[in-house]
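Residues per chain, in single letters:
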4 protein chains.
Amino acid sequence: MPVNSEFPIVHLVSEPVNPLKTIYIACRTCYSADYPFNIWEKDADKQAMLDLVGKVLKSGHHSTIEHCQYTFTISGISRACTHQLVRHRHVSFSQKSQRYVVEKGQFEYITPSTVKSVGLQGDYAELMDKINEFYDKMIQKGIPAEDARFVLPNAATSSLVASLNLRELIHIANLRLCVNAQHEIRKLVGKMSALVIEKEPWLEEYLVPKCDRNNYCDEIKSCGRYQQKVL
Amino acid sequence: MPVNSEFPIVHLVSEPVNPLKTIYIACRTCYSADYPFNIWEKDADKQAMLDLVGKVLKSGHHSTIEHCQYTFTISGISRACTHQLVRHRHVSFSQKSQRYVVEKGQFEYITPSTVKSVGLQGDYAELMDKINEFYDKMIQKGIPAEDARFVLPNAATSSLVASLNLRELIHIANLRLCVNAQHEIRKLVGKMSALVIEKEPWLEEYLVPKCDRNNYCDEIKSCGRYQQKVL
Amino acid sequence: MPVNSEFPIVHLVSEPVNPLKTIYIACRTCYSADYPFNIWEKDADKQAMLDLVGKVLKSGHHSTIEHCQYTFTISGISRACTHQLVRHRHVSFSQKSQRYVVEKGQFEYITPSTVKSVGLQGDYAELMDKINEFYDKMIQKGIPAEDARFVLPNAATSSLVASLNLRELIHIANLRLCVNAQHEIRKLVGKMSALVIEKEPWLEEYLVPKCDRNNYCDEIKSCGRYQQKVL
Amino acid sequence: MPVNSEFPIVHLVSEPVNPLKTIYIACRTCYSADYPFNIWEKDADKQAMLDLVGKVLKSGHHSTIEHCQYTFTISGISRACTHQLVRHRHVSFSQKSQRYVVEKGQFEYITPSTVKSVGLQGDYAELMDKINEFYDKMIQKGIPAEDARFVLPNAATSSLVASLNLRELIHIANLRLCVNAQHEIRKLVGKMSALVIEKEPWLEEYLVPKCDRNNYCDEIKSCGRYQQKVL
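My aim in this report is to walk through the structure given alongside it, one point at a time. (Residues numbered from 1 in each chain as written. Chains lettered and ligands numbered in written order. Predicted model: local features only at pLDDT ≥ 70, side-chain atom pairs only at ≥ 80, totals over all residues.)

## Section: the nonpolar core
Thinking step 1. Ranked by size, the top nonpolar core spans 243 residues in total, and within it Leu169 of chain A, Leu169 of chain B, Leu169 of chain C together with Leu169 of chain D carry the most contacts.
Thinking step 2. Those residues in contact with Leu169 of chain D that sit more than four places away from it in its chain are Tyr70, Leu164, Met192 and Val196 of chain D. (Core = buried A, V, L, I, M, F, W, Y, C linked by C-beta atoms within 7 Å. Buried ≥ 20, exposed ≤ 12 C-beta atoms within 10 Å, placed from the backbone. Contact = placed C-beta atoms within 7 Å.)

Listed below in structure tokens is the structure:
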């Protein structure tokens, strides 16, 4: 069945207890004679921590934010989108397997907004129903799920558990919040970023498209918000 | 159009000039007072190199074979298969983009053998034609390729350039040559392994299912060739 | 100054709130039609979670435990040891920099037990004092810390913040708890494992030398506890 | 013994047969309906390949250059330097082991130029001799190499075989050719880059400090060649 406009469904199910403090002791450990656990125990002032961490991040030393990992549950995102999502090699994924899970009833699918704009939404839904019918027939004839899925479209949704550290989340946000990114992944990464910012508002300035951090655009096709870098 | 049984098409387009010697100096460097370039220049006897490298690999020190990288071109493999293939995070991939490349004429697709066994091959081909027709219609109506592809099935083929080092190739062979692996990836990895063995016959004993190296099976569902490990 | 026998100092400063449940939903997501967040909300029985997770781990599907990350502070470990520790490429490290931090007073150092056994402890301490004196002289003459450190020995201690996921921790424990591992890293990994087992006792059977999991030894030089694998 | 000013010794022992063509088919595969092996066979014009690859690299799509791997032998570099070098996690290293290799005669060491500037070269050499003498005594008393090495200084040299792909080499050059990098690693990476540029002159514009690519400096302490980025 078609999913509604609230999709994808994203929840943050695990986050570090004290990310700012963890990053702070990582930064301090590099430049201090003191033991890191002593620094941890001393409980620095929040503003002092924000100042140091901000300075370190702005000079590009992002290894210190690898110490904070976030885990998300994601549902209602097309296999077209997950195929590109799993290319981010520093994210750990557990994804619903079409080899093992048999789709029962009508499989869930995404309808791109451009399909609606040109008035093909009805025909699109009809094709999905036809595919679904044939998938059911294949399963009934004894074809294993891993082969029956060959007829399922890129539009069919998937579910994942995804864990990534803050360095990778910022990297992905910088890339995928760009208007040139595919619409679903842009929406997904926007939701992931919002969930983290809700917990740690000071991260808002990093979880943005790359142009907002660089003050220029290095895309071949620019949206015009920033001047293009002369290549 | 349906692809024939010779698929996938795999070619080895780049390989190290002297892999055995490269691995040999890597092994020797760890345990020698001599400079590695001196070891390189000395030109050891082939059997001596094979003996040392064999001993190192059998004791599990696989980091020394990361120095050899192989590049393959791959075509005629389903998107179902490439979605799992790209999960191997130590492989570098460049894949044909369905966002940018418009499928012209009839898109190429895989037909699993089980579809033929139950006599659904005709109906399957008919469904593929219907999907193709609708894809064309979407493109004609001005829907961008990245959205039109939502109707393309997992069966649609893709092309990739893939590079990986010998450690990763052996790891993937050990996993994917198992009878439990998906049929296409098993065939693909078999072809990749054969191309490398053609160049370096001494690698044959490593490019096998894991059971042949372990002398036991650790799969939940065993094919029976080896005794299952008591878990 | 020489460090005492309680070293290295290791603390666990950040761990996942609910690791078993996180791994459980990762395992379930792969094989379930349900949304992962629904599985999360349902709150499974602890024994059911342990049973599933145990079965998945024993069949070698370790990707599901990448979702749990642990952060440790480490002090009082030699630079000899940290040079090999940082070779574990899936761990995130922030390490005290000898380029930036000037050693004040007497630098801290490790004395291997074999030095004591042969009665060279006094001479060893004397040499360390001489090195320390010359280091101070270099600093006073205006040599920057990054060059003065060239005289500091491998014995000099370092501090790190280290974060790693459960898959990597088990991998490292399997390798580094072996009697063939260097004595400091063996002690360090033993302490890290104990801190995690204290929180999650069910992990005890995985945080062991590899032989205890394989029921054989694949080291070239065996301690004799298990039969050696015929290579 | 002290090493001379020609150090480190760096050789390129393995490189891809046809790196430009390999990168070209990787770029083309992403945007073409043709099979990659057909593109390979067609043999494009060199200027056309340079134009496409240049355009792709400048827009930041560096994954296509992961297909080219280079292997270097490196000797005469301090353990101070190798400890930071091995932090580059995308490089494969095989390094001379101080645990297994006993230093015979006088161990080789680096003397930073600042030691010479302040006139401490003689005292420095004397300290190295004293350390060497004590190391020999430890070995004679039966202390294993892995413990005797605790007295060896950061100045002691090491040897490595290092393999890395072009993406990582450019990344490392961008970081380590900066005047703020440690002097040995800067010299080492300069030599590695020169060896690759000798084979592939078109890579010269990428194997430079990051400021030359960004047209600004993002270091906290700038050398003044470029304007500092307002952070």
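Continuing now.
## With respect to the relation of the copies chain D and chain B
Thinking step 1. Superposing chain D onto chain B takes a rotation of 180° plus a shift of 0.0 Å along the axis, which leaves an RMSD of 0.0 Å. What the superposition gives is, in effect, a two-fold axis relating one chain to the other.
Thinking step 2. A shared interface surface links the copies, since 100% of the contact residues of chain D are contact residues in chain B too. (Least-squares fit on C-alpha atoms with pLDDT ≥ 70 in both.)

## Here we look at the sheet that holds strand 1 (residues 9-14) of chain A
Strands belonging to one sheet form pairs held by backbone hydrogen bonds; the direction of such a pair is parallel or antiparallel.
Residue and element names in this part refer to chain A.
Thinking step 1. An order of 1-2-4-3 is seen for the 4 strands of this open sheet, with the pairing classed as antiparallel. Each end of this open sheet is capped by a strand with a single partner; those strands are strand 1 and strand 3 (92-95). Averaged over all neighbouring strand pairs, the angle between strand axes comes to 20°, with direction disregarded.
Thinking step 2. Sheet topology places strand 2 (residues 69-78) next to strand 4 (residues 157-165); 9 bridges connect them, and they run antiparallel. Bridging across to strand 4, Gln69 finds its partner in Asn165. (Pairing = 2+ DSSP bridges. Helix = DSSP H or I, 4+ residues; strand = E, 2+ residues; numbered from the N terminus. Axes fitted to C-alpha atoms, helices over the stretch in contact; angles between N-to-C directions.)

## Quick word on the relation of the copies chain C and chain A
Thinking step 1. For the pair chain C and chain A, the superposition axis carries a translation of 0.0 Å, the fit reaches an RMSD of 0.0 Å, and the rotation angle comes to 180°.
Thinking step 2. Comparing interface residues between copies, 100% of those in chain C also lie at the interface in chain A; the contact surface is shared.

## Examining the interface of chain D and chain B
Interface size is commonly expressed as the accessible surface area that is lost when the partners come together.
Thinking step 1. If you look at the interface, chain D gives 39 residues, while chain B gives 39 residues.
Thinking step 2. Elements with a minimum of two residues in the side of chain D that touches chain B: strand 1 (9-14), helix 1 (19-31), helix 2 (36-42), strand 2 (69-78), strand 3 (92-95) and strand 4 (157-165) of chain D.
Thinking step 3. For the side of chain D that touches chain B, the element with the highest residue contribution is helix 1 of chain D, accounting for 6 residues.

## Focus on helix 6 (residues 121-140) of chain A
Thinking step 1. When the terminal C-alpha atoms of helix 6 of chain A are compared, their 29 Å separation across 20 residues agrees well with the 28 Å that a helix rising 1.5 Å per residue should span.
Thinking step 2. Within the sequence span of helix 6 of chain A, burial applies to Tyr124, Leu127, Met128, Ile131, Asn132, Tyr135 and Met138 of chain A. The arc that holds every buried residue of helix 6 of chain A, seen down its axis, measures 140°, which confines them to one face. Residues of helix 6 of chain A that are exposed and angled more than 90 degrees away from the buried face: Gly122, Glu126, Asp129, Glu133 and Gln140 of chain A.
Thinking step 3. Elements that come into contact with the buried residues of helix 6 of chain A comprise helix 5 (113-117) and helix 7 (145-148) of chain A together with helix 6 (121-140) of chain B.
Thinking step 4. Once helix 6 of chain A ends, the next one or two residues include Gly142 of chain A, with phi positive near 95°. (Expected span 1.5 Å × (residues − 1). Arc of directions from axis to C-beta.)

## Focus on the interface of chain C and chain A
Thinking step 1. Residue-level contacts link 39 residues of chain C with 39 residues of chain A.
Thinking step 2. Those elements that place two or more of their residues in the side of chain C that touches chain A are strand 1 (9-14), helix 1 (19-31), helix 2 (36-42), strand 2 (69-78), strand 3 (92-95) and strand 4 (157-165) of chain C.
Thinking step 3. It is helix 1 of chain C that provides the largest number of residues to the side of chain C that touches chain A, a total of 6 residues.
Thinking step 4. The residue inventory of the side of chain C that touches chain A, partitioned by class, reads 17 nonpolar, 19 polar and 3 charged. (Nonpolar A, V, L, I, M, F, W, Y, C, P; charged D, E, K, R; others polar.)

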